[in-house]
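Chain residues, written in single-letter form:
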Amino acid sequence: MTARETNPGATDGERPPPVRPALDASTRREIAHLLMNLLTSLVGFIYVVTMLALGVGLTVTVIGFPALALGLLGARQLGKLERARARALLGVRIQEPSPLPLRKGGGMFQRLWMALKDPVAWRTCLYDFIRLPWGILTFTVTLVSLFVLWPLLPYLARGLTNVDRAMVRGLLSPSDELERRIRELEQGRGVVVDTAAADLRRIERDLHDGAQARLVNLAMGLGLAKEKLLEDPDTAAAMVDEAHGEVKLALQELRDLARGIHPAVLTDRGLDAALSSVASRCTVPVRVSVDLPARPAEAIEGISYFTVSELLQNISKHSGAASASVDVWRSGERLLIEVRDDGRGGARLDGGTGMAGLAERLGAVDGLFVIDSPTGGPTTVTAELPWRDRESEPQRK
């Protein structure tokens, strides 16, 4: 993760050059910023006071809260202009806050409430409200220094603009934690969508190339057997027998496909039985231990099953191990999975064995995926998922 991602208020690029008595380009931009402070702070103060007075005063009427919400949306734009001014004149590059998702906010009241509780807009209002005295002070000091204290002007400009930089970073930067969480959720949503699309394509491909093709051959074979039923009963019987074999293979492929989507044993008996079934198909002897006080939510249970299934397949294909183990337990509000094998090691997220896809799938639900696989082994893969209780199922009649 880059420094900008972890600290949206960080200065992007180099620090301002050291102060010198000569008015270089950086100092001239700082002086211009200080001289503009009076006008911008006056406009911001008038806007905020007028907007709050009208919005709060009209809350006794039906238009009060909508007017206040519109005023806060306008305050967001003032903050955007101030960030642009600081970026151009002070070299302070601050990541823009995420826009309000008003189009996805549902009904009118939900969008209204989203605008009214916007922390970015309220911090901008606070910024504009407290800036008027500071704008008057910096404008006066800078203007007087241009004619009286010009040898000290570069040092005064640097000191005053450092306070401006602190104000911009402190009040106009997006919330670190909030923005980080928004980015994580957006990325997680994209991973979930991509994973679901890939699963649908895989299911469609397996159906088209497997069971569907066999069923087409079965229909053609039965049609030919029907035509030969009276003419050549022995040949017809052989063709029916062959069709019967095709039916068995098609049913087996459908069972395998259904097991890959969501196995019936997982739905009926939970993780312990489902993971034991997966382990029995592994080419390496696997010890399975599941210690859960209750069954987790269906989504968490399904992701846990899929994760262990993929890891055991990797052990069968790539590890060269003689034994493996699967441990599943609950710790606090997390479900932990540990898969170990005594193989050759060297597993990596970028090794082309599907590890990166597993990490993305777990990350999409706020999980963790850690690989410890030194060359020569052993390999330990730890997966961590949030614990969510299973909703009580309605009793069957």
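Criteria and thresholds
Residues numbered from 1 in each chain as written. Predicted model: local features only at pLDDT ≥ 70, side-chain atom pairs only at ≥ 80, totals over all residues. Heavy atoms only, no water. Helix = DSSP H or I, 4+ residues; strand = E, 2+ residues; numbered from the N terminus. Buried < 20%, exposed > 50% of the residue type's maximum accessible area, 1.4 Å probe, protein only. Arc of directions from axis to C-beta. Contact = heavy atoms within 4.5 Å. Polar contact = N/O pair within 3.5 Å; in protein donor to acceptor, adjacent residues only side chain to side chain. Axes fitted to C-alpha atoms, helices over the stretch in contact; angles between N-to-C directions. Parallel < 35°, antiparallel > 145°, perpendicular 65-115°, else oblique. Left-handed = near helix turned anticlockwise from the far one by under 90°. Nonpolar A, V, L, I, M, F, W, Y, C, P; charged D, E, K, R; others polar. Salt bridge = Lys/Arg side-chain N within 4 Å of Asp/Glu carboxyl O. Pairing = 2+ DSSP bridges. Core = buried A, V, L, I, M, F, W, Y, C linked by side-chain atoms within 4.5 Å. Patch = residues over 30% accessible without salt bridge, like charges linked within 9 Å, V, L, I, M, F, W, Y side chains within 5 Å. Areas by Shrake-Rupley, 256 points an atom, 1.4 Å probe, with all protein chains shown as cover. Lys, Arg positive; Asp, Glu negative; His and termini not counted. Charge placed at Lys NZ, Arg CZ, Asp CG, Glu CD.

(A) Representation of the overall build of the chain in the model. Helices and strands together make up the secondary structure of the chain, namely 12 helices and 5 strands. Considering the chain as a whole, with its 397 residues, one finds that 34% of them fall into the buried category.

(B) Looking closely at helix α12 (residues 355-363). Looking at α12, one finds that the buried residues are M355, L358, R361 and L362. Down the axis of α12, the buried side of the element spans an arc of 120 degrees, and every buried residue falls inside it.

(C) Expanded view of the environment of R85. By the secondary structure assignment, R85 is in helix α3 (residues 64-89). Apart from the residues lying within four places of it in its own chain, the contact partners of R85 are H33, M36, N37, T40, L90 and R131. Of note is the side chain of R85, whose polar atom sits 3.0 Å from the side chain of N37.

(D) Representation of the environment of L292 in the model. Along the chain, L292 turns up in the loop between β1 (286-291) and α11 (298-319). Linking L292 and L335, residues 43 residues apart in sequence, is a C-alpha distance of 8.7 Å. Each residue touching L292, except ones within four places of it in the same chain, is listed here: L271, V328, W329, R330, L335 and W387.

(E) Broad picture of the packing of α11 against α12. Closest axis-to-axis distance for the α11/α12 pair is 11 Å, and the angle between their directions is 170 degrees. In terms of orientation, α11 and α12 fall into the roughly antiparallel class. Considering how the two elements wind past one another, α11 and α12 form a crossing that is left-handed. Counted together, I303, F306, T307, E310, L311 and N314 of α11 and M355, L358, R361 and L362 of α12 form the full contact between these two elements. Tallied by class, residues from the contact of α11 with α12 come to 6 nonpolar, 2 polar and 2 charged.

(F) Up close: the side chain of T380. Tracing the chain through its elements places T380 in strand β5 (residues 379-386). A polar contact is formed between the side chain of T380 and the side chain of R340, at a distance of 2.9 Å. The residues contacting T380, other than those within four sequence positions of it, are E338, V339, R340, V370, I371 and D372.

(G) Looking closely at the pattern of salt bridges. This structure, assessed with the given rule, holds 11 salt bridges. A salt bridge links R85 to E82, with the nearest nitrogen and oxygen atoms 3.1 Å apart. Taken together, the positions of R85 and E82, both in helix α3 and 3 residues apart, correspond to about one turn of that helix. You can call R85 buried: its relative accessible area is 8%.

(H) Up close: the sheet that holds strand β4 (residues 368-372). Taken in spatial order, the 5 strands line up as β1-β2-β3-β5-β4 in an open sheet, and their pairing is mixed. Each end of this open sheet is capped by a strand with a single partner; those strands are β1 and β4. Here the strands of the sheet are splayed against their neighbours by 10 degrees on average, with no regard to which way each runs. Strand direction decides the pairing type here: strand β3 (residues 334-341) and β5, joined by 8 bridges, are antiparallel. Bridge assignment links V339 to a residue of β5, and that residue is V381. Most of the contacts of helix α10 (residues 271-280) go to β1, to which it runs at about 170 degrees, and overall it touches β1 and β2 (324-331). Sitting on the sheet, α11 is in contact with β1, β2, β3, β4 and β5, with an inclination near 10 degrees to β3.

(I) Quick look at the pairing of β1. Summarising the sheet, β1 and β2 pair through 6 bridges and their orientation is parallel. Pairing of V288 across the sheet is with V326, part of β2.

(J) Representation of helix α4 (residues 108-116) within the structure. Among the residues of α4, those classed as buried are M114, A115 and L116. The secondary structure elements touched by the buried residues of α4 are α3 and α5 (119-147).

(K) Region of interest: the nonpolar core. Within the largest apolar cluster, 32 residues are counted, with the highest numbers of intra-cluster contacts made by L312, V326, I337 and F369. Contributing elements (two or more residues each) for this core: α10, α11, β2, β3, α12 and β5. Looking at this core element by element, the count peaks at 7 residues for α11. When sequence neighbours within four positions are dropped, the list of residues in contact with L312 reads V278, A279, C282, V286 and V326. Ranked by size, the runner-up nonpolar core spans 15 residues in total, among them I94, Y127, L160 and L172.

(L) Spotlight on a nonpolar patch on the surface. Residues L143, V144, L146, F147, V148, L149, L152, Y155 and L156 make up a contiguous nonpolar surface patch of roughly 820 Å² in combined accessible area. For the nonpolar patch, the secondary structure elements donating two or more residues are α5 and α6 (153-172). Here the nonpolar patch gets 4 residues from one element, more than from any other, and that element is α5.

(M) Just a negative patch on the surface, in detail. Together, E227, E231, D232 and D234 make up a region of like negative charge exposed at the surface. Mapped onto the elements, E227 comes out in helix α7 (residues 176-228). Classification of E227 as exposed rests on a relative accessible area of 57%.

(N) Structural context of the pairing of β5. Taking burial as the measure, the 8 residues of β5 include 6 buried ones, the bulk of the element. Pairing between β4 and β5: 5 bridges, direction antiparallel. Considered in β5, the bridge of V370 is made with T382. Linkage of β4 to β5, two consecutive antiparallel strands, is achieved through a turn of 6 residues, within which G376 is found at a positive phi near 100 degrees.

Function cannot be read off these values alone, since they describe shape.
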